[in-house]
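So you can see what is in the structure, the chains are spelled out below.
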Amino acid sequence: MMIWLDGGLREAESARVSVLDRGLTVGEGVFETLKTVRGRPFALTRHLDRLTRSARVLGLPDPDHDEIRHACTAVLEANPMPLGRLRITCTGGRGPLGTGHAEHGPTLVVAVGETTRRPDSTAAVTVPWTRNERGALAGVKSTSYAENLVALDRARRDGASEALFGNTAGRLCEGTATNVFVVLDGEIHTPPVASGCLPGITRALVVEWTGARETDLPLDVLQRADEVFLTSSLRDVQPLHRVDGRELPGTRGPVTAAAMRVFDERSGQDLDP
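The numbers attached to residues start from 1 for each chain and follow its sequence in the written order. Reporting of local features is limited, given that this is a predicted model, to residues whose pLDDT is at least 70; pairs of side-chain atoms are given and counted only at 80 or more, and all residues count toward the totals for whole chains, interfaces and linings. Water and hydrogen atoms play no part in the side-chain values, which are based on all heavy atoms of the structure.

**Looking at the overall build of the chain**
Okay, step 1: Only DSSP runs of H or I covering at least 4 residues are called helices, and only runs of E covering at least 2 are called strands; the numbering of each starts at the N terminus. Looking only at helices and strands, the chain features 6 helices and 15 strands.
Okay, step 2: Based on C-alpha atoms, the radius of gyration is set beside the globule rule, defined as 2.2 Å times the residue count to the power 0.38. Its C-alpha atoms give the chain a radius of gyration of 19 Å, near enough to 19 Å, the size a compact globule of 273 residues would have.
Okay, step 3: Summarising its shape, the C-alpha atoms of the chain cover approximately 55 × 40 × 30 Å along the three principal directions.
Okay, step 4: Under the scheme applied here, a residue whose accessible area is under 20% of the maximum for its type counts as buried, over 50% as exposed, and between as partly exposed, the area being computed with a 1.4 Å probe on protein chains only. A buried classification covers 51% of the 273 residues belonging to the chain.
Okay, step 5: Sequence-distant contacts, at least 24 apart, represent 68% of the contacts inside the chain between residues at least 6 apart.
Okay, step 6: Only the protein chains shown count as covering a residue, and every accessible area follows the Shrake-Rupley method with a 1.4 Å probe. When the accessible surface of the chain is totalled, it reaches about 12600 Å², and 50% of it is carbon and sulfur. Should any heavy atoms of two residues lie within 4.5 Å, those residues are considered in contact.

**Digging into the packing of aromatic side chains**
What characterises a pair of aromatic rings is the spacing of the ring centres plus the angle enclosed by the ring planes.
Okay, step 1: To pair, rings of Phe, Tyr and Trp, with the six-membered ring standing in for Trp, must have centres within 6.5 Å; the planes then decide the type, stacked if under 30 degrees apart, edge-to-face if over 60, and tilted in the middle. Scanning the entire structure with this criterion turns up 4 aromatic pairs.
Okay, step 2: A ring pair is formed by Phe31 and Tyr145, whose centres lie 5.8 Å apart and whose planes are at 80 degrees; its orientation type is edge-to-face. Placement of Phe31 in strand E3 (residues 29–37) and of Tyr145 in the loop between strand E7 (122–131) and helix H4 (146–157) is noted, with a sequence separation of 114 residues between them.
Okay, step 3: The class of Tyr145 is partly exposed, set by a relative accessible area of 22%.
Okay, step 4: With a centroid separation of 6.2 Å and 70 degrees between ring planes, the pair formed by Phe42 and Phe263 is classed as edge-to-face. Note that Phe42 is positioned in the loop between strand E4 (40–41) and helix H2 (44–58) and Phe263 in helix H6 (residues 254–269), a separation of 221 residues in sequence.
Okay, step 5: Of the residues examined, Phe42 reaches a relative accessible area of 5% and is grouped as buried.
Okay, step 6: Among the aromatic residues, those joined into a ring-pair cluster are Phe42, Trp209 and Phe263.
Okay, step 7: The positively charged end of Lys35 is found above the aromatic ring belonging to Phe42, 5.2 Å away from the centroid. Distance and angle both matter: a charge sits over a ring if NZ of Lys or CZ of Arg is within 6 Å of the ring centre and within 35 degrees of the ring normal.

**Observations regarding the sheet that holds strand E5 (residues 83–91)**
Okay, step 1: Only when DSSP finds a minimum of two bridges between them are two strands counted as paired. Spatial strand order, E2-E1-E6-E5-E3-E4: 6 strands in an open sheet with antiparallel pairing. Each edge of the open sheet is held by one strand with a lone partner, namely strand E2 (8–11) and E4.

**Quick look at the side chain of Arg118**
Okay, step 1: Mapped onto the fold, Arg118 is located in the loop between strand E6 (107–114) and E7.
Okay, step 2: The charged-residue count follows a simple rule in which Lys and Arg add positive charge and Asp and Glu add negative charge, with His and chain termini not counted at all. Any carboxyl oxygen of Asp or Glu within 4 Å of a side-chain nitrogen of Lys or Arg constitutes a salt bridge here. For the buried Arg118, which has no salt bridge, the nearest side chain bearing the opposite charge is Asp120, at an N-O separation of 4.0 Å.
Okay, step 3: Within the structure, Arg118 has its side chain in polar contact with the backbone oxygen of Arg235 (distance 2.7 Å).
Okay, step 4: When residues no more than four places from it in sequence are discounted, the contact partners of Arg118 are Leu234, Arg235, Val237, Gln238 and Met260. Polar contacts, as counted here, are pairs of nitrogen or oxygen atoms within 3.5 Å of one another; within protein the pair requires one atom able to donate a hydrogen and one able to accept it, and residues that are adjacent in sequence qualify only if both atoms are side-chain atoms.

**Observations concerning the nonpolar core**
Okay, step 1: Residues Val30, Leu86, Ile88 and Val110 are the most contacted members of the largest nonpolar core, which totals 23 residues.
Okay, step 2: Secondary structure elements with two or more residues in this core: E3, H2, helix H3 (65–78), E5 and E6.
Okay, step 3: The leading source of residues in this core is H3, at 6 residues.
Okay, step 4: If near-sequence neighbours (up to four positions away) are discounted, Val110 is found in contact with Ile3, Trp4, Ala71, Cys72, Val75, Leu86, Arg87 and Ile88.
Okay, step 5: Buried residues of nine kinds, namely Ala, Val, Leu, Ile, Met, Phe, Trp, Tyr and Cys, make up a nonpolar core once their side-chain atoms join them within 4.5 Å. In terms of nonpolar packing, the next biggest core, distinct from the first, is built from 18 residues, Phe42, Ala43, Ala212 and Phe263 among them.

**A short note on the pattern of salt bridges**
Okay, step 1: Considering all chains together, one arrives at 13 salt bridges under this definition.
Okay, step 2: For the salt bridge of Arg213 with Glu187, the shortest nitrogen-to-oxygen distance reads 2.9 Å. With a gap of 26 residues between them, Arg213 in strand E12 (residues 213–214) and Glu187 in strand E11 (residues 187–190) connect regions that are remote in the sequence.
Okay, step 3: Three or more residues are tied together by salt bridges with common partners; here these are Arg131, Glu147 and Glu174.

In structure tokens form, the structure reads like this:
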């Protein structure tokens, strides 16, 4: 595998990041994960804009969009595959141990791995931990990911592929790497960004393309919604057939099925919407 590291392509086995990189020592880093289709990234402009917003929250320099676009092209040409997971990571770069400022410029890594289409439907569970909608990193796609890993481990032990969080106010928020939508009386709803959820790229497109409403929702809406589906860059629109032991329609849900069709059609027409 060839990856992009700080200005050029490297063999993955020989690429090295300093053990003093602030992404490693204090988790000071942001990232984006994109779907690639036949060597082309989906919604790259939106992802780069969100990467910049996240970097600014952490006080990192604005990522160089031209450099990242060049890096993405180089990595995708060097690693041809029909369907890929492209990861862009920016960290604070090498610095002192502890909380001092970085001594050198930021670190940029771009890598891609082959993936497969997600299952037609999946299961999710709610977890007892909360998202802090008033936290400093609310809505930021940070490399500090351990909280998500703990929640995912709980979900997998329960036979699910995703864990869903409420926020500190007891409202529905998001999954570890997904946004969540519910169908109530034929209408699609999703928690607002003010709930503390990540402003997902696929989430935004689904809202635009289906007319879904951003609604402050109680966590227990999952126990009465007619249909529930998840969105993310790699899942696209994925219906739930079970949440917390409650059976749901999955792909048989008519509103979710329509949203899936709309997303497939619109995303197939424009790879950078």
